[in-house]
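Structure assessment
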Amino acid sequence: DEIRGLDKHDPSKLYMVDLESGLHYLLRVELATHKMLEGEKLETFKDFIAVTAQLFPGRQPVMKLLETLHEWLVNLPLDKIPYDAILDLVNNKMRIAGIYLPSRVKWVGCQGSRPELRGYTCSLWKLFHSLTVQAAIRAEEFPKADPSHPDVLKVMRRYIQHFFGCRECAEHFEEMAKESMDSVKSANGAVLWLWQKHNVVNNRIAGALSEDPQFPKVQWPTHDLCPLCRGEKEPHSWNEAEVLAFLKHFYSIDNASEQFTM
Ligand code: FAD
């Protein structure tokens, strides 16, 4: 399966199976190292699920699972929740109809050339890019809607801080967040901020041991993916309006392929 995925992967597509595998890993592996959720950790997890339940561009059974988890977390009058209780819900122990999150990973757009490369961290970037894009699309469709739209970046910052297994990554990300996240004033601004910071990371870790030689770190999107995104003057300048339009297309539901989903 994995080799086939790598062969057939089209870099201009978003693969739902990567996003779902990422959610599976987040909920069943990363979170599992925290046996009891309380205080700021619990609040962060609740907010993460609230944002994801509202904005994840997923298939029905996965959306229903996220919504059920969200409702359960909101209505639970406890200030501590054991991880096992969350896992029971994620595994749908109550056998509620129409709820399902695949329980293993299968990477396609995030498939590395070796098992220890790419995978989860790639899917986490894709998840948060997708959420910022969904928030921006909603803000466009409903300009007069609730101004307290879920702030994806803030939730991402707290998730990374409290849960992301790569602690070195979390520290780097927190430094960038401290420096400039507060200056983001709109949903489109959030899409661009995350794109820009992801490129900063790409630049910083290009050539590192963690890099997959078959997927060298580049300033993204490449010219092939989006010729109009590059500015005319310098090789490294961008046309941000084109980049924004490209990101809103690339990370949209319309560009998400359900091929390979489990
Ligand atoms: P990734 O960088 O994971 O990107 C995944 C996909 O997103 C790409 O294949 C491409 O389709 C798309 N993409 C690429 N660039 C952009 C962009 N600018 N905007 C939108 N989409 C884009 N690793 C370290 O070694 N050190 C770190 O400090 C570090 N910090 C990290 C911080 C965070 C928040 C995260 C989520 C990961 C971090 N990582 C870090 C891991 C690293 O960024 C990669 O995820 C990992 O090396 C796998 O790389 P990849 O080739 O799959 O591409």
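Residues numbered from 1 in each chain as written. Predicted model: local features only at pLDDT ≥ 70, side-chain atom pairs only at ≥ 80, totals over all residues. Heavy atoms only, no water.

Scanning the protein chain from terminus to terminus reveals 10 helices and four strands. For the protein chain, the α and β elements follow one another from N to C terminus as α-β-α-β-α-α-β-α-α-α-α-α-α-β. Relative to its length of 262 residues, the protein chain is compact, with a C-alpha radius of gyration of 18 Å against a globular reference of 18 Å. Counting only C-alpha atoms and orienting by the principal axes, one finds that the protein chain spans roughly 60 × 45 × 35 Å. Every one of the 262 residues in the protein chain was classed for burial, and the buried ones make up 48%. Sequence-distant contacts, at least 24 apart, represent 72% of the contacts inside the protein chain between residues at least 6 apart. For the protein chain, the separation between the mean place of its 31 positive charges and that of its 36 negative charges on side chains is 3 Å. (Helix = DSSP H or I, 4+ residues; strand = E, 2+ residues; numbered from the N terminus. Rg over C-alpha atoms; globule rule 2.2 N^0.38 Å. Buried < 20%, exposed > 50% of the residue type's maximum accessible area, 1.4 Å probe, protein only. Contact = heavy atoms within 4.5 Å. Lys, Arg positive; Asp, Glu negative; His and termini not counted. Charge placed at Lys NZ, Arg CZ, Asp CG, Glu CD.)

It is worth spelling out the side chain of Ser-21 at this point. Note on placement: Ser-21 falls in helix α2 (residues 16-30). Owing to a relative accessible area of 0%, Ser-21 belongs among the buried residues under this scheme. Here the side chain of Ser-21 touches Lys-106 through a polar contact of 3.0 Å, landing on its backbone nitrogen. Those residues within four positions of Ser-21 in sequence are excluded, and the remaining contacts are Arg-104, Val-105, Lys-106, Trp-107 and Met-262. (Polar contact = N/O pair within 3.5 Å; in protein donor to acceptor, adjacent residues only side chain to side chain.)

Near the ligand lie 22 residues; those nearest to it are Arg-118, Thr-121, His-172, His-198 and Tyr-251. The separation between an oxygen atom of the ligand and a polar side-chain atom of Ser-210 is 3.4 Å. Where the shell around the ligand is concerned, the elements lending two or more residues are α6 (120-141), α8 (167-180) and α9 (187-205). With seven residues, α9 is the largest single contributor of residues to the shell around the ligand. (Near = heavy atom within 4 Å.)

Next up on the list: the state of the cysteines. With the rule as written, the count across this model stands at three disulfides. Between the sulfur atoms of Cys-226 and its disulfide mate Cys-229 the distance is 2.1 Å. Here the S-S torsion is close to 80°, and the disulfide linking Cys-226 with Cys-229 is therefore right-handed. Across this residue pair, the class does not change: Cys-226 and Cys-229 are buried. (Disulfide = S-S within 2.5 Å.)

The next subject is α6. It helps to recall that an α-helix has 3.6 residues per turn; residues three or four apart then point in one direction. Over its 22 residues, α6 extends 31 Å from the first C-alpha to the last, a length consistent with the 32 Å expected when each residue adds 1.5 Å. Burial within α6 is extensive, with 16 of its 22 residues counted as buried. (Expected span 1.5 Å × (residues − 1).)

The interhelical angle for the contact between α6 and helix α7 (residues 152-163), taken along N-to-C directions, is 155°, at an axis separation of 10 Å. Between α6 and α7, the interaxial angle falls into the category roughly antiparallel. Between α6, through Tyr-120, Leu-124, Trp-125, Phe-128, Leu-131, Thr-132 and Ala-135, and α7, the contact on the second element is made entirely by Val-152, Leu-153, Met-156, Tyr-159 and Ile-160. (Axes fitted to C-alpha atoms, helices over the stretch in contact; angles between N-to-C directions. Parallel < 35°, antiparallel > 145°, perpendicular 65-115°, else oblique.)

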